[in-house]
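Residue strings, one per chain:
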Amino acid sequence: DVVLTQTPPTLLATIGQSVSISCRSSQSLLHSNGNTYLNWLLQRTGQSPQPLIYLVSKLESGVPNRFSGSGSGTDFTLKISGVEAEDLGVYYCMQFTHYPPTFGSGTKLEIK
Amino acid sequence: EVQLVESGGGLVQPGRSLKLSCAASGFTFSDYNMAWVRQAPKKGLEWVATISYDGSSTYYRDSVKGRFTISRDNAKSTLYLQMDSLRSEDTATYYCARQDGGFAYWGQGTLVTVSS
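By convention here, each chain's residues receive numbers from 1 onward along its written sequence. Chain labels run from A onward and ligand labels from 1 onward, assigned in the order the entries are written. Predicted model: local features are reported for residues with pLDDT of at least 70 only, side-chain atom pairs are reported and counted for 80 or more only, and whole-chain, interface and lining totals are derived from all residues. Side-chain measures were taken over the full set of non-hydrogen atoms in the model, leaving aside hydrogen atoms and water.

K.L.:
Looking at this structure, how should I read the overall build of chain A?
P.N.:
Put simply, DSSP H or I for four residues or longer makes a helix, DSSP E for two residues or longer makes a strand, and each gets a number counted from the N terminus. The secondary structure content of chain A amounts to zero helices and 11 strands. Listing every helix and strand of chain A by position from the N terminus yields β-β-β-β-β-β-β-β-β-β-β. Seen along its three principal axes, the alpha-carbon backbone of chain A occupies a region of about 40 × 25 × 25 Å. Here chain A, with 112 residues, has 46% of them falling under the buried criterion. Two residues qualify as a contact provided that any one of their heavy atoms is within 4.5 Å of a heavy atom in the partner residue. A separation threshold of at least 6 residues defines the contact pool for chain A, and within that pool the share at least 24 residues apart is 54%. As displayed, chain A has an accessible area near 5,200 Å², and 48% of this comes from carbon and sulfur atoms. A 1.4 Å probe rolled over the protein chains alone gives each residue an accessible area, and that area as a share of the maximum for its type sets the label: buried under 20%, exposed over 50%, partly exposed in between. Using a 1.4 Å probe, accessible areas were evaluated by the Shrake-Rupley method; residue-level cover was limited to the displayed protein chains.

Given below as structure tokens:
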């Protein structure tokens, strides 16, 4: 199975600060069809996960543009440009290029 | 509005069975592959199984193969997960999700606790 390694495990940020989360894959996530199926999700406490970004960098409908995704191959990054209080929770990367789909171990964003 | 509503969770003894349901609305259910994803208490997310849009293909994680069966009724817009020979390590919140290059929509989850 593809292993996704997320760092850091915990992130402490102030409101307005920009932060980045790294997701490294044990294999290239470039599919033979040319797409890279690397997504980012946010799970707020007590809630279901909600998708933020798909195909590395495409924002899901309704997601604020302070969120951005980048990367290729095995290295990917989620950036939040100007953290807001509602952004706290656990962020997961997940890959869909190889079966089975796998998730990173999560990065908990806490607000100072 | 897309809605996925799971039901059927509860407390069950090891070795027993449980069947989860997920009622879908707000989209054409028969057009989409569907999946179950679980989350053990205080742990991360783990894909469990996927079924193709027409039910012709199913996929399982190794740890549940032969014990869990994913199925669907497109006429009722409902997804199921039959869980047999349950183990303590199956204790988790089970989410159903619409699968389309990722998991764009999730239900609220149903908690399954396997304990004697």
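K.L.:
Any chance you could explain the pairing of strand β2 (residues 10-13) of chain A here in plain terms?
P.N.:
As a general feature of sheets, a regular strand has side chains that alternate between the two faces. Residues and elements named next belong to chain A. What you see with β2 is a clean split: Leu 11 and Ala 13 sit on the buried side and Thr 10 and Leu 12 on the side with no burial. Pairing of β2 with strand β11 (residues 107-111) involves four bridges; the strand directions are parallel. Following the sheet pairing, Leu 12 is matched in β11 by Glu 110. In this scheme, strands are said to pair when DSSP sees at least two bridges between them.

K.L.:
Help me understand the interface of chain B and chain A, please; the structure alone is not making it clear to me.
P.N.:
Accessible area lost on assembly of the parts is the figure often given for the size of an interface. Contact residues are listed per partner, giving 18 residues for chain B and 16 residues for chain A. When two parts are brought into contact, each loses some accessible area as probed by a 1.4 Å sphere; the total of that loss over both is the buried area. Carbon and sulfur atoms supply 65% of the area buried between chain B and chain A, which totals about 1,300 Å² over both sides. What makes a salt bridge here is a side-chain nitrogen of Lys or Arg within 4 Å of a carboxyl oxygen of Asp or Glu, nothing more. Counting every contact that joins chain B to chain A gives zero salt bridges. A 3.5 Å cut-off defines polar contacts: any pair of N or O atoms within that distance qualifies, except that in protein one atom must be a possible hydrogen donor and the other a possible acceptor, and neighbouring residues in sequence count only when both atoms are side-chain atoms. At the surface where chain B touches chain A, the tally comes to five residue pairs in polar contact (both at pLDDT 80 or more). Sort the elements by how many residues they give to the side of chain B that touches chain A and strand β5 (residues 45-51) of chain B lands first, with four residues. Of the residues contributing to the side of chain B that touches chain A, the split by class is eight nonpolar, eight polar and two charged. When residue character is reported, Ala, Val, Leu, Ile, Met, Phe, Trp, Tyr, Cys and Pro are called nonpolar, Asp, Glu, Lys and Arg charged, and the others, Gly included, polar.

K.L.:
It is not clear to me how the pairing of strand β10 (residues 103-106) of chain B should be interpreted in this structure. Could you clarify?
P.N.:
Residues and elements named next belong to chain B. Bridge count for strand β9 (residues 92-99) against β10 is three bridges, and the pairing is antiparallel. For Arg 98, the partnering residue across the bridge sits in β10 and is Tyr 105. The loop that links β9 with its antiparallel partner β10 comprises three residues; one of these, Gly 101, has a positive phi angle of about 80°.

K.L.:
Can you walk me through the pattern of salt bridges in this structure?
P.N.:
Two side chains carrying opposite charge are able to pair once their charged atoms lie near each other. Tallied over the full model, the rule gives 11 salt bridges over all chains. Salt-bridge contacts for A:Glu84 lead to A:Arg66; the nearest nitrogen and oxygen are separated by 3.5 Å. Highlighted residues: A:Glu84 in the loop between β8 (75-80) and β9 (89-95) and A:Arg66 in the loop between β6 (58-59) and β7 (67-72), separated in sequence by 18 residues. Judged by relative accessible area, A:Arg66 falls into the buried class, the value being 11%. Ionic pairing is found between A:Asp87 and A:Arg66, a salt bridge with its closest N-O pair at 2.7 Å. One end of the pair, A:Asp87, is in the loop between β8 and β9; the other, A:Arg66, is in the loop between β6 and β7, with 21 residues separating them in the sequence. Across the pair, exposure class does not vary: A:Asp87 and A:Arg66 are buried alike. Taken together, the shared-partner salt bridges connect B:Arg38, B:Glu46, B:Arg61, B:Arg67 and B:Asp90 into one network.

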